[in-house]
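Residue-level structural notes
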Amino acid sequence: MKKKFDNRGFTLMELLVAISIFSLLTTFVVASYASNEKSRLLKLEASKVLVGLQKAENMAITGQFFDSFIPAVYEFSLSDCSNDCFYILSAKDASGNSKELERQELKGVSIDILNSNNALFRFLPPRGRLEILANENLQSSIKVGLGDEENSYCLEASSVSDRIGLKEGACQ
């Protein structure tokens, strides 16, 4: 005796349910990815600022010089801005001549320097001692907010401890 199998496939209702579930899951994944992408890009831009500061500090510690230009101080400057922000890394020699070493654009990030409009981080060779100037006044510490309405990072620097850090969240 032969057994017959009845293989007709899926019904129309089964296919519609499967496609609906797949579409719903795909919608959640795409929305989650778009949100996560914006947060990831902000973290990348905030990290650029921290890396730029560390680069200036390392140049001061190692005593890096350029051609016949011997720096007496390395400077990292930031200004308040809401879009098209950037930082400038430069070096000054003993006679006050300045040389711009790097200008880095920060995309999609706003800069809010607490209690100031601009900040200048100066690293002095040979030990890379940090001086912070806010509105041309010497400060012992400073906080810089980096971000947008939804996500933010806080850059904290102290000339007393020579510490520079970046943490997630708004500056307090």
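These notes cover the structure that comes with them. Each chain has its residues counted from 1, following the order in which its sequence is written. Where totals are concerned, whole chains, interfaces and linings use all residues; where local detail is concerned, this predicted model gives features only for residues with pLDDT of at least 70, and gives and counts side-chain atom pairs only at 80 or more. Excluded from the side-chain calculations are hydrogens and water; all other atoms, namely the structure's heavy atoms, are used.

Looking now at the pairing of strand 8 (residues 141–147). Judged by how many residues are buried, strand 8 sits mostly within the fold: 5 of 7 residues are covered. What makes two strands pair is DSSP finding at least two bridges between them. For the purposes of this entry, the term helix denotes a DSSP run of H or I that reaches at least four residues, the term strand denotes a run of E that reaches at least two, and both are numbered from the N terminus. In this sheet, strand 8 lies alongside strand 4 (residues 110–113) in antiparallel orientation, the contact comprising 4 bridges. Each residue of the ladder has a partner; that of Ser110, found in strand 8, is Gly147. Judged from the 7 bridges that link them, strand 8 and strand 9 (residues 152–158) form a sheet pairing that is antiparallel. What sits directly across from Gly147, in strand 9, is Ser152. Connecting strand 8 to the next strand, strand 9, in antiparallel fashion are 4 residues. With a 1.4 Å probe rolled over the protein chains alone, any residue whose accessible area is under 20% of its type maximum counts as buried; one over 50% counts as exposed, and the rest are partly exposed.

What follows concerns the sheet that holds strand 1 (residues 71–79). Here 6 strands make up an open sheet; going across it, the order is 3-2-1-5-6-7 and the pairing antiparallel. The outermost strands of the open sheet, each flanked by one partner alone, are strand 3 (98–106) and strand 7 (137–139). Looking at each pair of strands side by side, their axes are set apart by 25° on average, direction ignored. Where strand 6 (residues 129–134) meets strand 7, 3 bridges bridge the pair, whose relative direction is antiparallel. Directly across from Ala134, in strand 7, lies its bridge partner Asn137. Axis angles are defined between N-to-C directions and span 0 to 180 degrees, where every axis is a line fitted to C-alpha atoms and, for a helix, only to the segment in contact.

Let us look at helix 1 (residues 12–62). Here helix 1 spans 72 Å end to end across 51 residues, near enough to the 75 Å set by a 1.5 Å rise per residue. For helix 1, every residue scored as buried is listed here: Leu42, Glu45, Ala46, Val49, Leu50, Gly52, Leu53, Ala56, Met59 and Ala60. The positive-phi residue at the C-terminal boundary of helix 1 is Gly63, with phi of around 70°. In a helix, the anticipated span is given by 1.5 Å times the number of residues less one.

The next subject is the side chain of Glu102. Topologically, Glu102 is positioned in strand 3. Given a relative accessible area of 16%, Glu102 falls into the buried group.

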